[in-house]
Amino acid sequence: MKQFKNFFLVALMVLVGGMVSSCGSDDDNNGGGGSGLGTYTLKCHLSDYGTMPADMAKLMDDALLQNVNQQYPNVSLDIVKKSVDKAVEDAVKSGEYQDSPYNYTVEFYIVDSTGKKVYSRYIIVKDGTATAA
């Protein structure tokens, strides 16, 4: 259960970071006529179950896929990327992975309005240490 708490803490940090960044003015990004703005969605899943038992990994992956689905309308991709980068870095620094008995990888990714993946960041947990990639 502690693993669920850790995943949701990371997801919350990413969502809050994205909300703060997307609330700022994006007038300097509209390039005349609104070019460069779009609607993006942040998603998250376990991209590598590693040493985690399959049943536990399935539960966590399903929970992440259902709960991390934040939409950012009328914003530049650069703003969304920066907010995800900061949130992932902050999540790694939090140290919430130190007592994880499993090695695994979590992918945070952004899709555009067509559903195409346009950006990814990873948190890789190995031997109780998390790194951002």
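The model shown is predicted, which means the values in this text are computed figures rather than measured ones.

Draft legend 1. How the structure looks around the confidence of the model for the protein. Across the protein, the average pLDDT comes to 80, with 74% of residues at 70 or higher. Scored below 50 in pLDDT, residues 19-35 shows 16 contacts in the model against residues more than four places distant or in partner chains.

Draft legend 2. Here's a closer look at the pairing of strand β3 (residues 104-111). Burial analysis of β3 places eight of its eight residues in the buried class, which makes it a mostly covered element. Residues Tyr104, Val106, Phe108 and Ile110 of β3 are buried on one face, and the alternating residues Thr105, Glu107, Tyr109 and Val111, pointing to the opposite face, are buried as well. Note: strand β1 (residues 37-48) against β3, seven bridges, orientation antiparallel. Bridge pairing links cysteine 44 to phenylalanine 108 in β3. Relative to strand β4 (residues 117-126), β3 runs antiparallel, the two being bridged by eight bridges.

Draft legend 3. Region of the structure containing the sheet that holds β3. Judged by pairing direction, the sheet is antiparallel, and its five strands sit side by side in the order β2-β1-β3-β4-β5 without closing on themselves. The open sheet is flanked by β2 (69-76) and β5 (129-132), the only strands paired with a single partner. The average angle at which neighbouring strand axes cross in this sheet is 20°, direction not considered. Contacts from helix α2 (residues 54-67) reach β1, β2 and β3 within the one sheet, and its direction differs from that of β1 by about 170°.

Draft legend 4. Spotlight on unusual backbone geometry. In the Ramachandran plot, asparagine 74 falls in the positive-phi region, its phi being about 55° despite a non-glycine side chain. Among the structural elements, asparagine 74 can be located in strand β2. With a phi close to 55°, aspartate 127 is a non-glycine residue in the positive phi region. For aspartate 127, the location among the structural elements is in the loop between β4 and β5. Residue classification places aspartate 127 among the exposed residues on the basis of a relative accessible area of 62%.

Parameters at a glance
Residues numbered from 1 in each chain as written. Predicted model: local features only at pLDDT ≥ 70, side-chain atom pairs only at ≥ 80, totals over all residues. Heavy atoms only, no water. pLDDT = per-residue confidence, 0-100. Contact = heavy atoms within 4.5 Å. Buried < 20%, exposed > 50% of the residue type's maximum accessible area, 1.4 Å probe, protein only. Helix = DSSP H or I, 4+ residues; strand = E, 2+ residues; numbered from the N terminus. Pairing = 2+ DSSP bridges. Axes fitted to C-alpha atoms, helices over the stretch in contact; angles between N-to-C directions.

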